[in-house]
Amino acid sequence: MKYCAQCGVELILGIESGRERPMCPGCGFIVYRNPVPVALAVATREDKLLLVHRLNPPLADYWAPCAGYVEIDESLEEGARREVKEETGCDVVIDKLLNVYSRAHMGVMLVTFAARVVGGNLVPQAQEVVATRFFARHELPDQPPPVEGKPLDYWFYEAVKEIFEDFKRGIGR
Ligand SMILES: [Zn+2]
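Anyway, here's the lowdown on the structure attached to this text. Within every chain, residues take consecutive numbers counted from 1 along the sequence as written. Where local features are concerned, this predicted model is filtered to residues with pLDDT of at least 70; where side-chain atom pairs are given and counted, the filter is 80 or more; whole-chain, interface and lining totals use all residues.

### What about the overall build of the protein chain?
Right, so step 1: Strands here mean DSSP runs of E at least two residues long; helices mean DSSP runs of H or I at least four residues long; both are numbered from the N terminus. Of regular secondary structure, the protein chain possesses two helices and nine strands.
Right, so step 2: Secondary structure elements in the protein chain, listed N-terminal to C-terminal, are β-β-β-β-β-β-α-β-β-β-α.
Right, so step 3: Seen through its C-alpha atoms, the protein chain measures out along the principal axes to roughly 60 × 35 × 25 Å.
Right, so step 4: The buried share of the protein chain, taken over its 173 residues, is 28%.
Right, so step 5: With C-beta atoms placed from the backbone, a contact is any residue pair whose C-beta atoms sit within 7 Å. Counting only contacts in the protein chain whose residues sit at least 6 apart along the sequence, the fraction spanning at least 24 positions is 59%. Residue burial is a threshold on neighbouring C-beta atoms within 10 Å of the residue's own C-beta, all placed from the backbone, with 20 or more meaning buried, 12 or fewer meaning exposed, and counts in between meaning partly exposed.

### Here's the deal with the nonpolar core
Right, so step 1: Membership of the largest hydrophobic core comes to 33 residues, with the highest contact counts inside it found for Ala-41, Val-42, Ala-43 and Ala-115.
Right, so step 2: At the level of secondary structure, the elements contributing two or more residues to this core comprise strand 3 (36-45), strand 4 (48-54), strand 5 (63-64), strand 6 (66-69), helix 1 (76-88), strand 7 (90-102), strand 8 (108-120) and helix 2 (151-168).
Right, so step 3: Tallying contributions element by element places helix 2 first for this core, with seven residues. Take the buried Ala, Val, Leu, Ile, Met, Phe, Trp, Tyr and Cys residues, join any whose C-beta atoms are within 7 Å, and the set you get is a nonpolar core.

### As for helix 1
Residues that lie three or four places apart on an α-helix share one face, since the helix turns once every 3.6 residues.
Right, so step 1: Helix span is expected to be 1.5 Å times the residue number reduced by one. Taking 1.5 Å as the rise per residue, helix 1 with 13 residues should run 18 Å; its terminal C-alpha atoms sit 18 Å apart, in good agreement.
Right, so step 2: Among the residues of helix 1, those classed as buried are Glu-77, Gly-79, Ala-80, Arg-81, Glu-83, Val-84, Glu-87 and Thr-88.
Right, so step 3: Its buried side turned inward, helix 1 meets strand 3, strand 4, strand 6, strand 7, strand 8 and strand 9 (129-135).

In short, the description is geometric, and any link to function would need to be established separately.
The following block contains the structure:
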């Protein structure tokens, strides 16, 4: 960010709370950089895991559970439910919090929920999804690590891999 989002004046670097941050000499606005929550739904139906084939980074061209940014007017759970609906057409109820993945410099934190598919139709509805389907435990895709990916790709890959392993062991169902 080069200019103040509030008044348009060019930002300068200053020290605030012991850390260098962009700030506005005009109105005092300070740019804080904090990890943004992403809600992920480990959505299942009849012991099968709902995955989408991703079109966009991170992990473009990989199978992964539905996930996305949480909007300001929703809870994490509501965000997870909406993402599943948008990406697959399925309606889910959120059962419980599963895990929180957090790593420095990723810019996001990943909050995963166990979700149950209770209705809707399996139709790719979002532009960021190529395909969508349910996978039984023995059908889960064995995906190679990203090649020349960004740090976020590798981190997200590890998280998805762990989610698959947990699902095989019965966690999240
Ligand atoms: Zn300003």
